[in-house]
Amino acid sequence: MSLSMSVRAQVFDWMTIAGSIGTIGASDGISTNALFANPQGIAVDSGGNVFVADQDNSVIRKISLVSSNWQVETIAGSPGIAGASDGTGGAALFNNPQGIAVDSSGNMFVADTANSTIRKISSVGGNWMVTTIAGQSGVNISRDGTNSNAGFKYPCGITTDASGNIYVADTQGFSIRKLIHSGSDWVVTTLAGKANSSGYKDGSNSVARFQAPFGIAVQANGTIFISDGGSCNIRKISNSGTNWVVTTIAGANGIYSFVDGTNTAALFNFPQGIATDVAGNLYVADTGNNTIRKLSLQGTNWVTTTVAAESEDPSVFSPAVSGGDDGVAGAAHFNRPTGICLTTNGLIFVSDTFNYTVRQAYPMPVIQYVSLAGSQVNVSWSAVSGLNYQLQYTTALNPAAWTNSGATQQATNSILTFADTPGGDTQRFYRVSVVP
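### As for the pattern of salt bridges
Next up, step 1: On inspection of all chains with the given rule, the structure shows 14 salt bridges.
Next up, step 2: The salt bridge partner of Arg 119 is Asp 112, with a shortest N-O separation of 2.7 Å.
Next up, step 3: A salt bridge links Asp 425 to Arg 428; the nearest nitrogen and oxygen atoms lie 2.7 Å apart.
Next up, step 4: Classification of Asp 425 by relative accessible area gives partly exposed; the value is 26%.
Next up, step 5: Linked through salt bridges whose partners overlap, the residues forming this network are Asp 28, Asp 54 and Arg 61.

In C-alpha cells form, the structure reads like this:
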C-alpha cells in the first residue's frame, strides 16, 4: 500500500444558533425561538457562554449551550426601554448599547453607545449588577479623566487585555481610549487620534486620525487593531516607549470595495467588528460587503482572504449577496454582520445584525498527515477541543459509499489521530466529519 495526500486550506462551517431570520423581537428562549433586534457587539467567556449587546432592545443577552440547544436569556436591561440607570437585572437600563467585552474574571464591559458611557456587569449572588464606570449619560464629549469626569462620544467598540485594562473605540470622538483600574477608580486616557478631529492619517498619538473607528481588538503582546469603518481600512496601534504608533495594514482610505489581497491592495466596505485568535490572525465583520474576512501575517505582509460569503462578480466591486443561509465558506450568507468574537479553540461567533440572528462557525477538520505502521494507517487531523469527529473511508471515489472507521472521537486538543486497519483493501480514501 502506498500513500498520497492532498491538503486544502482551512474553511469554516456556519450555522445559526439563535434568532429567527427577518423577525425582530425580544423573546428569550431556545435557538430560533429567541428573538433579537439588531444585535451588535458579541463576546464569549472562558466557559463558552456568548453575550450580545442587543442594540435596539437596549438589553444584554446571554446565550448558553444546554445539551444540544442554545438557550437565550436577557440578563440586564429592560427590552424596549432606553435609559441610563444602574442596578440589578431588568432594573438597569441601557441606551442602544453596541460594544461588549468579557474579562478573564467573567466581568462584562459594555460600550453604552447612546449614553456615551462605559458600563460594567458583574455576577453578584446569582444576579447581574450593572454599574457605570466611566463617562456621564447625556454628556457627549471626548475628554480624559477619572470615572464620570471622563467623557466619550458615542463609543461602539470595546475590548479588554489580560491585565484587566479596557480599550474603547470612541467612534464619534474619532479616538482610541484606554481605561486603567486604579484602586476604586477608572482612569481614562487617549492613546491615538484627537477628539472631534476626524480624518485619515497614520502617525503617533494625537497626530493619527480616524474616520469612524468601530471595532477594536488587542493581542496578547499588547498590539491593538482597529476596524476604521469610515476609512474602510484596518489599522494597527503599536506601543513604542511612550508613544502609540498607528499604521494601516489593510484597505485603502475611502475606497469602498471588496477585494482580497495583500496589505492595502485588499479592500473593505465599512468594516466594523474585529477579533484576533491565539495565532495572531485577525477576523473582520466586513459589514457593507456582507462577508467575514481573515487577515494573516505572512512575513511582514498582511494577507486578506474571505472566509464566509463571496462576491457575485469578483472582477468588479460587488458585495456578497445578503441572506441568511448556513453552510461552508461561500455557501454561507449574511446581512450586514457587525460583531465578531472567537474562542481560544477557534470557534467564531458573529452577530448577523440585519438578519436578527447570532451565527457560529467551527473550523472544518483538515487531515494533517497519513502514515503507515505495519498493517495500520495512522490518520491525523486538525480538531477543536470538545467537538466530536468521525473518520470515514471508501474504497472508490466514484461512486463513493463512505463507511465509519471506528467510533466517534471527542477532541481534547488541536490534533486527533486514529489508527485504521485496511484489512484486504488495496486502496482506501479517507475523510473526517464533525458529528453534532
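We are not done yet, so read on.
### Overview of the sheet that holds strand β10 (residues 117-124)
Next up, step 1: Strand order in the open sheet formed by 5 strands is β7-β11-β10-β9-β8, with antiparallel pairing between adjacent strands. Taken across any chain shown, the strands that pair with only one partner, and hence form the sheet edges, are β7 (87-88) and β8 (99-102).
Next up, step 2: Both strand β9 (residues 108-112) and β10 contribute to a ladder of 5 bridges, which runs antiparallel. Each residue of the ladder has a partner; that of Val 110, found in β10, is Arg 119.

### Some thoughts on the nonpolar core
Next up, step 1: The biggest cluster of nonpolar side chains holds 32 residues, and the ones touching the most others in it are Val 50, Ile 63, Phe 349, Val 358, Val 379, Trp 381 and Tyr 389.
Next up, step 2: Those residues within four positions of Val 50 in sequence are excluded, and the remaining contacts are Ile 42, Ala 43, Val 44, Arg 61, Lys 62, Ile 63, Trp 70 and Phe 349.

### Some words on the sheet that holds strand β28 (residues 337-342)
Next up, step 1: Sheet architecture is open: 5 strands sit in the order β27-β1-β30-β29-β28, paired in antiparallel fashion. Looking at the sheet topology across the chains shown, the edges are occupied by β27 (327-328) and β28.
Next up, step 2: One ladder, built from 2 bridges, connects strand β1 (residues 12-18) with β27; its direction is antiparallel. Along β27, the bridge assignment pairs Trp 14 with Gly 327.

### Looking at the packing of aromatic side chains
Next up, step 1: Applying the stated criterion across every chain yields a total of 7 aromatic pairs.
Next up, step 2: With a centroid separation of 5.2 Å and 90° between ring planes, the pair formed by Trp 14 and Phe 334 is classed as edge-to-face. Of this pair, Trp 14 sits in strand β1 while Phe 334 is found in the loop between β27 and β28, placing the two residues 320 residues apart along the sequence. You'll find Trp 14 and Phe 334 in the same group, each marked buried.
Next up, step 3: Cation over ring: Arg 336 sits above Phe 354, and NZ or CZ is 5.8 Å from the ring centre.

### So, the pairing of β9
Next up, step 1: With respect to burial, β9 is a largely interior element, 5 of its 5 residues being buried.
Next up, step 2: Alternating residues of β9 divide into Met 108, Val 110 and Asp 112 and Phe 109 and Ala 111, and every residue in both groups is buried.
Next up, step 3: Relative to β9, β8 runs antiparallel, the two being bridged by 4 bridges. Bridge assignment links Val 102 to a residue of β9, and that residue is Met 108.

Reading guide: rules and limits
Residues numbered from 1 in each chain as written. Predicted model: local features only at pLDDT ≥ 70, side-chain atom pairs only at ≥ 80, totals over all residues. Heavy atoms only, no water. Salt bridge = Lys/Arg side-chain N within 4 Å of Asp/Glu carboxyl O. Buried < 20%, exposed > 50% of the residue type's maximum accessible area, 1.4 Å probe, protein only. Pairing = 2+ DSSP bridges. Helix = DSSP H or I, 4+ residues; strand = E, 2+ residues; numbered from the N terminus. Core = buried A, V, L, I, M, F, W, Y, C linked by side-chain atoms within 4.5 Å. Contact = heavy atoms within 4.5 Å. Phe/Tyr/Trp six-rings, centres within 6.5 Å; stacked < 30°, edge-to-face > 60°. Lys NZ or Arg CZ within 6 Å of the ring centre and 35° of its normal.

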